[in-house]
Amino acid sequence: MKQWIVLVCMSLLWAKCSQSSNSEKNGHPIIVIETQYGDIEAELYPDKAPQSVAAFLQYVDSGFYQRSSFYRILSEDNQPMGSAPAELIQGGLWGTGNKREYLQGIPHENTQQTGLRHINGAISLARQDTGTANTEFFICIGDQPGFDFGGDNNGDGQGYAVFGQVTKGMDVVQKIYRRPEENQYFTPQVDIITVRRK
């Protein structure tokens, strides 16, 4: 009888540990972006970009990303001559009618502060002025040093705020990247079914 109780307790403990390891990796939350072309899994870095991650997870937990989209693409073929080329897909609530403009801006955590970089698969916050980022994010295709602090892809030199890294599903990212576009916008937009914690 005692052995049976011990086995049950060990099974419950193992299940709890497995669940924890699925939802976090080394204390880093794992999120899944479910799209019409498959899932993209990413690890977030609250130890390096705490305000960006906290805000993003708040949007995730609030269900903001249900029925959102990847709507924008930058490629070497659709940028003005003379500009620093960049490759990415951008997603979020833009164009969905959700009232993201009423959300508070996230304090800017630049790459000089965080030590993170815009490498292949990096997830970063889109913005206009510093401190205006909220629900819109992008995923880098290849290394994009021009988006780092001091880079050439933003006029104020502050770059963008990396807060995570794709760990599975870069094939899905590439599939989305190859969709038809016009003037930097996908035609049609690519559906994000939801973004959730793993």
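Residues numbered from 1 in each chain as written. Predicted model: local features only at pLDDT ≥ 70, side-chain atom pairs only at ≥ 80, totals over all residues. Heavy atoms only, no water.

Moving on, we come to the overall build of the protein. Scanning the protein for helices and strands turns up four helices and 10 strands. The secondary structure elements of the protein, listed N-terminal to C-terminal, are α-β-β-β-α-β-β-α-β-β-β-α-β-β. Buried positions account for 45% of the 198 residues belonging to the protein. Of all intrachain contacts in the protein linking residues separated by at least 6 positions in sequence, the fraction that spans at least 24 positions is 70%. (Helix = DSSP H or I, 4+ residues; strand = E, 2+ residues; numbered from the N terminus. Buried < 20%, exposed > 50% of the residue type's maximum accessible area, 1.4 Å probe, protein only. Contact = heavy atoms within 4.5 Å.)

A separate point is the pattern of salt bridges. For side chains of opposite charge, pairing can occur when their charged atoms come near one another. Taken as a whole and judged by the stated rule, the model has four salt bridges. Between arginine 196 and glutamate 34 there is a salt bridge, with its nearest N and O atoms 2.5 Å apart. Residue arginine 196 is located in strand S10 (residues 185-197), and its partner glutamate 34 is located in strand S2 (residues 28-35); the two are separated by 162 residues in the primary sequence. (Salt bridge = Lys/Arg side-chain N within 4 Å of Asp/Glu carboxyl O.)

Our next topic: the nonpolar core. By size, the foremost hydrophobic cluster in this structure holds 47 residues, and its most contacted members are Ile33, Ile40, Phe56, Phe70 and Ile139. It is helix H2 (residues 50-61) that provides the largest number of residues to this core, a total of six residues. (Core = buried A, V, L, I, M, F, W, Y, C linked by side-chain atoms within 4.5 Å.)

Consecutive side chains of a regular strand alternate in pointing toward one face of the sheet and then the other. When you tally the buried positions in strand S5 (residues 88-92), you get five out of five residues, the bulk of the element. The alternating pattern of S5 places Leu88, Gln90 and Gly92 on one face and Ile89 and Gly91 on the opposite face, and all of these are buried. The pairing of strand S4 (residues 68-74) with S5 spans five bridges and is classified as antiparallel. By the bridge assignment, arginine 72 is partnered in S5 with glutamine 90. By the bridge criterion, four bridges tie S5 to strand S7 (residues 137-140) in an arrangement that is antiparallel. Within S7, the residue paired with leucine 88 across the bridge is cysteine 140. (Pairing = 2+ DSSP bridges.)

Bringing the environment of asparagine 153 into the picture now. Along the chain, the position of asparagine 153 falls in the loop between S7 and strand S8 (161-168). The exposure class assigned to asparagine 153 is partly exposed, which follows from its relative accessible area of 23%. Along the chain, asparagine 153 and alanine 84 lie 69 residues apart, while their C-alpha atoms are 6.4 Å from each other. Apart from the residues lying within four places of it in its own chain, the contact partners of asparagine 153 are Ala84, Ala86, Gly146, Phe147 and Tyr160.

The next thing to look at is the pairing of S4. Here S4 lies mainly inside the structure; six of its seven residues are buried. As defined by bridge partners, S4 adjoins S10 across four bridges and the pair is classed as antiparallel. Bridged to serine 69 within S10 is aspartate 191.

Attention now moves to the side chain of aspartate 148. One can find aspartate 148 in the loop between S7 and S8. Despite being buried, aspartate 148 has no salt bridge partner; arginine 117 is the closest side chain of opposite charge, sitting 4.1 Å away. Looking at aspartate 148, its side chain comes within polar contact range of the side chain of histidine 118, at 2.7 Å. What aspartate 148 contacts, discounting residues up to four positions off in sequence, is Thr111, Arg117, His118 and Gly159. (Lys, Arg positive; Asp, Glu negative; His and termini not counted. Polar contact = N/O pair within 3.5 Å; in protein donor to acceptor, adjacent residues only side chain to side chain.)

This next bit is on the environment of aspartate 47. If you trace the backbone, aspartate 47 turns up in the loop between strand S3 (38-44) and H2. Relative accessible area serves as the criterion here: at 54%, aspartate 47 is assigned to the exposed category. Put simply, aspartate 47 and histidine 28 are 19 residues apart on the chain and 8.0 Å apart in space, counted from C-alpha to C-alpha. Within polar-contact distance, the side chain of aspartate 47 engages the side chain of histidine 28 at 3.2 Å.

Geometrically, the link from threonine 187 to proline 188 is a cis peptide bond, its omega value of 0° lying close to zero. Relative to the elements of secondary structure, proline 188 occurs in strand S10. Positive phi is not limited to glycine here, since arginine 67 has a value of about 60°. Assignment of secondary structure puts arginine 67 in the loop between H2 and S4. By relative accessible area, arginine 67 is classed as exposed at 67%. Backbone geometry places asparagine 183, a non-glycine residue, at a positive phi of 55°. Among the structural elements, asparagine 183 can be located in the loop between strand S9 (181-182) and S10.

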